[in-house]
Amino acid sequence: MAVKAVGTWVAGFCETGRSDIGGRRAIAGAAGPNWRSEVSTVGGRLERAGVCMKPVEDVKPMKDENFSSVPPSSEVDGEAGNGGADKQLGKLNRDLPSGLLPKPLSLTDLTVSSHGSNVRVAYQGCPGAFSEAAALKAYPRCVAVPCEQFEVAFKAVELWLVDKAVLPIENSVGGSIHRNYDLLLCHRLHIVGEVQMAVNHCLMTLPGVKKEEIKRVLSHPQALAQCEIALSKLGVIRESIDDTALAAQLVASNDLKDAGAVASARAAEIYGLKIVEERIQDTPDNITRFLILAREPIIPRADRLFKTSIVFTLEEGSGVLFKALAVFALRNINLTKIESRPQRKRPLRVVDDSNYGTAKYFDYLFYIDFEASMAEPRAQNALAHLQEFATFLRVLGSYPMDTSL
Ligand SMILES: O=C(O)C(=O)C[C@]1(C(=O)O)C=C[C@@H](O)C=C1
């Protein structure tokens, strides 16, 4: 058995095993570019070639470049740096009528409401993407911050540009979003919640274009997979785009008369497209589960339904996976999800059996979600038991289950 450091269950989060698997540490307190400067509202009405786009909050998506250089504080307006304005403050304050003087912070200023009115939440995609709706379901009054890729959303949390990220992890028809499983391990964020959301896909076109005129359909690959039956009947070419809302935006802004987009009803409204068919997903109950990620874990509780997500690798040998799963069955702990991913850093395991020669096996990481809180002794005992055969074990989070659907 591999030598392991003895982990502790402080706040229910233990990690043991090889250090090469974990990713970078979050840079707590690192100053980033003033995120507020990324968010601007474009007023007025955009008119273009017969397409009328309703005014939207034009929130520029975060890109990887946003993290590459931090402007000196003297170049940044707002809270992070104010161009030396602080020096002027004493003078200004003396000139201001007392009603306009800055108010001291009160306890309410420091409180994040349960609706998340002070929370900044990163999601992947453009305004109108399903992930934006998931962020707003989790925190109804949050500032939803669009990001170009999943990784950008992870980094935005790590660099304190936002407070949380809401990212899709699986869909009831399309299955797992593997990229996010891999990113969970490369980054040091904690799962602090989940959101399940019914996803209703609409087929949309430029106003005036008929369904029969559509030759190609643009959307996110997951959305195209979830609408396989309807799109096959139409006999159209599918084109993959980074997110559903961006597909709608592309059809509108490029005046694509031969194309449709699969996206949300909100995306149709934002980008001025006409819905030609609603609910085109293969099954009426099309549910996507999203994870809420944060820099710090939450304290697990035992007085409500909790789920715990872990990732581990196993020693080699026959029946080891069976034994690993038995640690949960023995304690009546229900598993809700199991996923395996290749170990990218060590994809193959060489097994040398002198009688039969050398074999190469694929080596896997196992991700499991189980229905118990890390505050419960049965969950703690199950993981202590699992450590007997795991060469690496990390608790990704212990968080309240979303039972709203
Ligand atoms: O493209 C979007 O609108 C997204 O929010 C992404 C996404 C996904 O990645 O699964 C989210 C929900 C739906 O399952 C389809 C697409």
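Residues numbered from 1 in each chain as written. Predicted model: local features only at pLDDT ≥ 70, side-chain atom pairs only at ≥ 80, totals over all residues. Heavy atoms only, no water.

Along the chain, glutamate 151 falls in helix H4 (residues 150-158). Sequence separation of glutamate 151 and cysteine 186 is 35 residues, and the distance between their C-alpha atoms is 9.7 Å. Dropping the residues within four chain positions of it, glutamate 151 is found in contact with Arg179, Leu183 and His187. In this structure the side chain of glutamate 151 is engaged in a polar contact, spanning 3.3 Å, whose partner is the side chain of histidine 187. (Helix = DSSP H or I, 4+ residues; strand = E, 2+ residues; numbered from the N terminus. Contact = heavy atoms within 4.5 Å. Polar contact = N/O pair within 3.5 Å; in protein donor to acceptor, adjacent residues only side chain to side chain.)

On to the site of the ligand. Close to the ligand lie Ala129, Phe130, Ser131, Pro168, Asn171, Ile177, His220, Gln222, Gln226, Asp243, Thr244 and Thr288. Serine 131 places a side-chain nitrogen or oxygen 2.6 Å from an oxygen atom of the ligand. The separation between an oxygen atom of the ligand and a polar side-chain atom of threonine 288 is 2.8 Å. The fraction of the free accessible surface of the ligand (360 Å²) that becomes covered by protein chains is 100%. Elements supplying a minimum of two residues to the shell around the ligand: helix H3 (130-138), strand E6 (164-171) and helix H6 (221-226). Residue composition of the shell around the ligand, by class: four nonpolar, seven polar and one charged. Both domains that furnish three or more residues to the shell around the ligand are identified here as domain 1 (120-197) and domain 2 (201-280). (Near = heavy atom within 4 Å. Areas by Shrake-Rupley, 256 points an atom, 1.4 Å probe, with all protein chains shown as cover. Nonpolar A, V, L, I, M, F, W, Y, C, P; charged D, E, K, R; others polar. Domains from an automatic or database assignment.)

This part is about the pairing of strand E14 (residues 287-294). The element E14 is extensively covered by neighbouring structure, given that seven of its eight residues are classed as buried. Where E6 lies against E14, seven bridges are found, and the strand directions are antiparallel. When the sheet's bridge partners are listed, glutamate 170 is paired in E14 with arginine 289. In terms of strand pairing, strand E8 (residues 190-198) meets E14 through eight bridges, oriented antiparallel. Across the sheet, alanine 198 pairs through a bridge with isoleucine 287, a residue of E14. (Buried < 20%, exposed > 50% of the residue type's maximum accessible area, 1.4 Å probe, protein only. Pairing = 2+ DSSP bridges.)

As a further point, take the domain arrangement of the chain. Here the chain is described as being made up of domain 1 (120-197), domain 2 (201-280) and domain 3 (298-400). The C-alpha-based centres of domain 1 and domain 2 are spaced at 23 Å. Where domain 1 abuts domain 2, roughly 1000 Å² becomes buried across the two surfaces, and 54% of that area is made up of carbon and sulfur atoms. On the domain 1 side of the contact with domain 2, Cys126, Gly128 and Phe130 bury the most area, a combined 43% of that side's loss. Here domain 1 is connected to domain 2 by six residue pairs in polar contact (both at pLDDT 80 or more). Those elements giving two or more residues to the side of domain 1 that touches domain 2 turn out to be H3 and strand E7 (175-176). Of the residues in the side of domain 1 that touches domain 2, the class split is six nonpolar, seven polar and two charged. (Buried area = accessible area lost by both parts, 1.4 Å probe.)

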